[in-house]
Amino acid sequence: MAAYLSRLHHIALHVGNVDKTTFDLLTKFKFNLFAVRRTRESRQYALRKGSAVFVVNERLNRTFTLNEGAAWSPRHSSVTPQTLNDDSRFLYGVQDNSCVDTACNVCFEVEDVESVFNSLYKQGCDFLVPPTSVVDDNGRVTYSVVKSIVGNVCHTLVDRTKYKGEFLPGFQDVNVDSAVSTDGESSCSVCHFDHITYACPRKSTPEVMRWYEKNFGFKRFFIDRNEDVNEGYVIDQDGIGLRLTAMEYWKCSELEVSLPFKNKRDPDCKFVVAESLPYQGSNQVDSFLEQHGGAGIQHVGLYTPDIVSSVDTLAEAGVQFFSPPPTYYTQVGKLQEIEDAGHDPRLLSQHGILLDSDVRQNDSDNHLTASRNKRYLLQVFTRPIFTEDTFFLELIERRGAMGFGEGNIRALWRSVQAYMEGGDRERQALVSGATTADSSRH
Ligand SMILES: O=C(O)C(=O)Cc1ccc(O)cc1
Ligand SMILES: [Fe+2]
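Residues numbered from 1 in each chain as written. Chains lettered and ligands numbered in written order. Predicted model: local features only at pLDDT ≥ 70, side-chain atom pairs only at ≥ 80, totals over all residues. Heavy atoms only, no water.

## Focus: helix H2 (residues 113–122)
Reasoning step 1: When we look at burial in H2, the residues that qualify are Val-113, Val-116, Phe-117, Ser-119 and Leu-120.
Reasoning step 2: Among the structural elements, strand S7 (127–136), strand S8 (139–147), strand S9 (154–159) and helix H3 (205–216) are those in contact with the buried residues of H2.
Reasoning step 3: Regarding H2, its N-cap is Asp-112, as a side-chain oxygen of that residue lies 3.2 Å from the backbone nitrogen of Glu-114 further along.
Reasoning step 4: One or two positions beyond H2, positive phi appears at Gly-124, with a value near 95°. (Buried < 20%, exposed > 50% of the residue type's maximum accessible area, 1.4 Å probe, protein only. Helix = DSSP H or I, 4+ residues; strand = E, 2+ residues; numbered from the N terminus. Contact = heavy atoms within 4.5 Å. Polar contact = N/O pair within 3.5 Å; in protein donor to acceptor, adjacent residues only side chain to side chain.)

The structure is reproduced here in structure tokens:
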């Protein structure tokens, strides 16, 4: 039986320099630091924007993981934060052994960790941490960590129903009055995680889909109406060779649905699985796999209700975005499409924002009455945020369109390609003191 997930709780990043990543999320991406855990050897910072929470963990300079060599039986253990061995463990996750910075844990809230653990264990899932309780003055949280089938990705399953604190025991709240936040709160509004995209090796998609379907009850959804049920959404044209397959999770918590910004039609969690097609030259998926050292989270989409002002704020703060190909805004019909959607093409192109309309089946079938309907989405992609060209963020504003625009996916592919090809030159320029600040703008 599939485990019941209440909601996506946070995404954990494991990085070599927690201060640098936290500083970037704080000052450039306008996240707010709200909870901290510092021990002799580990540091964990929780930052949020709307309900999107990142926990940044410093990758420890060691080669063992939490339970390496320690055979554990599926029995309940109980600890207080003070009794944890500072040297070896992160709370609510495990040390990631990747040598590179990585986003590697998608933490879900569940109502009963024990029973989820029991059913997933019976289904053959690998657990890295058995159900474990952590207690402080605000109550008790129980969690367990299951290894996913995707590369280094794990899922922490956490039960907070008996906990009254702000975040999780072991973390200290950063006082609201002195909360470390930066200006731009109102002009960069991110509400929640929209989707998580995995980069995976060729032919691994069906297995990944089956794993999430069987264990968590995720359901396939079609990115495009012409998508083949077995093949996924394939773009194999003009030098692009990409296979995308998407799945979503619908069992919303009442809390999330009651949030004013959350569209009731939004699923709680969406995963996109990306793989490259054979006979590709260098491309964004394979380059991720190479630099990351295997499959993993390639990017996370952050939902914003106002992409133009959000991007404006982030660009001003120093976030670099991928530049769409110069022909994107001049391609036949694009100008009209943008204007029909009520946007200013100059403003969008200035910021590198992509717009894709969702033309309804009936509209496109009936050429006489064909007209653009009002459903569209806007997307913009940041450059990789770690040292390696791996993980990046996306801002997405949905105006009724629930999938991903084909035109936008093509544009993203081309802009990453151009970045990869010009990357060395650009990095060289950076080293020699030149600035690339303008290259992210048009
Ligand atoms: O368009 C999006 O936001 C996606 O998430 C789809 C996607 C996934 C992987 C790629 O390398 C390119 C596009
Ligand atoms: Fe995306």
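## Examining the packing of aromatic side chains
Reasoning step 1: As enumerated under the stated definition, the model contains 23 aromatic pairs in all.
Reasoning step 2: Summarising the aromatic geometry, the rings of Tyr-198 and Tyr-212 are spaced 6.0 Å apart at their centres and angled 35° between planes, so their arrangement reads as tilted. Within this pair, whereas Tyr-198 is found in strand S11 (residues 192–199), its partner Tyr-212 is found in helix H3, the two being separated by 14 residues in sequence.
Reasoning step 3: You can call Tyr-198 buried: its relative accessible area is 0%.
Reasoning step 4: On the basis of relative accessible area, Tyr-212 is assigned to the buried category, the value being 0%.
Reasoning step 5: Their ring planes at 75° and their centres at 5.6 Å tell us that Trp-211 and Phe-216 sit as a pair that is edge-to-face. (Phe/Tyr/Trp six-rings, centres within 6.5 Å; stacked < 30°, edge-to-face > 60°.)

## As for the coordination of the iron ion (ligand 2)
A metal bound by six donors in octahedral fashion has ideal angles of 90 or 180 degrees, whereas one bound by four tetrahedral donors has an ideal angle of 109.5 degrees.
Reasoning step 1: His-195 (NE2), His-299 (NE2) and Glu-394 (OE) make up the full set of protein donors to the iron ion (ligand 2), lying at 2.0 to 2.1 Å.
Reasoning step 2: For the iron ion (ligand 2), the donor residues sit on a single chain with the sequence spacing H-x103-H-x94-E. Of this pair, His-195 sits in strand S11 while Glu-394 sits in strand S19 (residues 392–399), and the two are 199 residues apart along the sequence. Across the pair, exposure class does not vary: His-195 and Glu-394 are buried alike. (Donors = N, O, S within 2.8 Å, 3.2 Å for Na, K, Ca; no water.)

## Regarding the domain arrangement of the protein chain
Reasoning step 1: Split by domain assignment, the protein chain resolves into domain 1 (7–60 + 77–173) and domain 2 (192–252 + 264–359 + 373–428).
Reasoning step 2: Here the C-alpha centre of domain 2 lies 26 Å away from the C-alpha centre of domain 1.
Reasoning step 3: Across the boundary between the two partners, domain 1 contributes 34 residues, which contact 35 residues of domain 2.
Reasoning step 4: Summed over both partners, the interface of domain 1 with domain 2 buries about 2,900 Å², with 76% contributed by carbon and sulfur atoms.
Reasoning step 5: Its largest share of buried area at the contact with domain 2, domain 1 owes to Phe-29, Ile-149 and Val-150, together 21% of the area lost on that side.
Reasoning step 6: Run the count over domain 1 and domain 2 and you get zero salt bridges.
Reasoning step 7: Across the contact surface, domain 1 and domain 2 share four residue pairs in polar contact (both at pLDDT 80 or more).
Reasoning step 8: No other element matches strand S6 (residues 102–109), which puts five residues into the side of domain 1 that touches domain 2.
Reasoning step 9: Residues of the side of domain 1 that touches domain 2, tallied by class, amount to 21 nonpolar, nine polar and four charged. (Domains from an automatic or database assignment. Buried area = accessible area lost by both parts, 1.4 Å probe. Salt bridge = Lys/Arg side-chain N within 4 Å of Asp/Glu carboxyl O. Nonpolar A, V, L, I, M, F, W, Y, C, P; charged D, E, K, R; others polar.)

## Some details on the nonpolar core
Reasoning step 1: The biggest cluster of nonpolar side chains holds 101 residues, and the ones touching the most others in it are Leu-13, Tyr-212, Phe-216, Phe-218 and Phe-271.
Reasoning step 2: Each of domain 1 (7–60 + 77–173) and domain 2 (192–252 + 264–359 + 373–428) gives at least three residues to this core.
Reasoning step 3: Sequence-distant contacts of Phe-218, that is, excluding residues within four places in its chain, are made with Leu-5, Phe-108, Tyr-212, Glu-213, Met-247, Glu-248, Tyr-249, Cys-269 and Phe-271. (Core = buried A, V, L, I, M, F, W, Y, C linked by side-chain atoms within 4.5 Å.)

## Considerations on the site of ligand 1
Reasoning step 1: In the vicinity of ligand 1, 14 residues are found, and the nearest of them are Thr-197, Gln-284, His-299, Gln-379 and Glu-394.
Reasoning step 2: Isolated, ligand 1 exposes 330 Å² of accessible area, and the fraction of that covered by the protein chains is 100%.
Reasoning step 3: Those elements that place two or more of their residues in the shell around ligand 1 are S11, strand S14 (240–249), strand S16 (296–303), strand S18 (376–381) and helix H10 (406–431).
Reasoning step 4: A breakdown of the residues in the shell around ligand 1 according to their chemical character gives seven nonpolar, six polar and one charged. (Near = heavy atom within 4 Å. Areas by Shrake-Rupley, 256 points an atom, 1.4 Å probe, with all protein chains shown as cover.)

## Quick notes on the UniProt feature "binding site: Fe cation" (unreviewed entry) in the protein chain
Reasoning step 1: Feature annotation in UniProt places "binding site: Fe cation" (unreviewed entry) on His-195, His-299 and Glu-394, given in this structure's numbering. These annotated residues cover 200 residues of sequence, but their C-alpha atoms sit close together, with the largest distance between any two at 9.4 Å.
Reasoning step 2: Classification of His-195 by relative accessible area gives buried; the value is 2%.
Reasoning step 3: Contact partners of His-195, with chain neighbours within four places excluded, come to Lys-270, Val-272, His-299, Val-300, Gly-301, Glu-394, Ile-396, Arg-398 and Phe-404. (UniProt positions renumbered as here; feature names shortened; annotations may be inferred.)

## Remarks on unusual backbone geometry
Reasoning step 1: One non-glycine residue, Lys-30, adopts positive backbone phi at about 65°.
Reasoning step 2: Taking relative accessible area as the criterion, Lys-30 reaches 7% and is therefore assigned buried.
Reasoning step 3: With phi around 50°, Asp-238 is a residue other than glycine that occupies positive phi space.
Reasoning step 4: Structurally, Asp-238 can be placed in the loop between strand S13 (233–237) and S14.
Reasoning step 5: Look at Asp-238 and you get exposed, because its relative accessible area is 58%.

## Thoughts on the pairing of S9
Reasoning step 1: Across the six residues that make up S9, a large majority, six, are buried.
Reasoning step 2: Alternating positions in S9 separate into two faces, Cys-154, Thr-156 and Val-158 on one and His-155, Leu-157 and Asp-159 on the other, with burial throughout.
Reasoning step 3: Pairing analysis gives three bridges linking S6 to S9, with the strands arranged parallel. Counted as the bridge partner of Glu-109 is Val-158 from S9. (Pairing = 2+ DSSP bridges.)

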